[in-house]
Amino acid sequence: MLEFIAELWDFMRERKKFWLAPILIMLLLLGGLIVLTEGSAVAPFIYTLF
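Everything numeric in this text was worked out from a predicted model, so none of it was measured.

Rules used throughout
Starting afresh in each chain, residues are numbered from 1 along the sequence in its written order. In view of the model being predicted, local features appear only for residues whose pLDDT reaches at least 70, and side-chain atom pairs are presented and counted only at 80 or more, with totals across whole chains, interfaces and linings using the full set of residues. Calculation of side-chain values draws on the structure's entire complement of heavy atoms; hydrogens and water are dropped beforehand. The salt bridge criterion pairs a side-chain nitrogen of Lys or Arg with a carboxyl oxygen of Asp or Glu, the two atoms within 4 Å. Secondary structure elements follow DSSP: runs of H or I no shorter than four residues count as helices, runs of E no shorter than two count as strands, and numbering proceeds from the N terminus. Each residue is assigned to one of three classes by its accessible area relative to the maximum for its type, calculated with a 1.4 Å probe on protein chains only: buried under 20%, partly exposed between the two thresholds, exposed over 50%.

We now examine the pattern of salt bridges. The tally for this structure, following the rule as stated, stands at two salt bridges. A salt bridge links Asp10 to Arg13; the shortest N-O distance between them is 2.8 Å. Residue Asp10 and its partner Arg13 are located together in helix α1 (residues 2-15), separated by three residues, close to a single helical turn. On the basis of relative accessible area, Asp10 is assigned to the partly exposed category, the value being 36%. Look at Arg13 and you get partly exposed, because its relative accessible area is 44%. Across the pair Arg15 and Glu14 runs a salt bridge, and its minimum N-O distance is 3.5 Å. According to the relative accessible area criterion, Glu14 is exposed, its value standing at 61%.

So this is what it looks like as structure tokens:
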């Protein structure tokens with residue numbers, strides 16, 4: 001996994017695609033939010049935000 005992240009960072013740095021970083025960070029945060037709240041009692045409240 002770390003090798004993939006390092007390779008992705010090298011790609012973004014070499015090709016000047018730094019605008020991809022905020023998109024990837026937001027995707028990871030939303031994915032983590034969905035995984036963490038999937039089986040909890042807080043899930044209905046999180047889903048109403050979207």
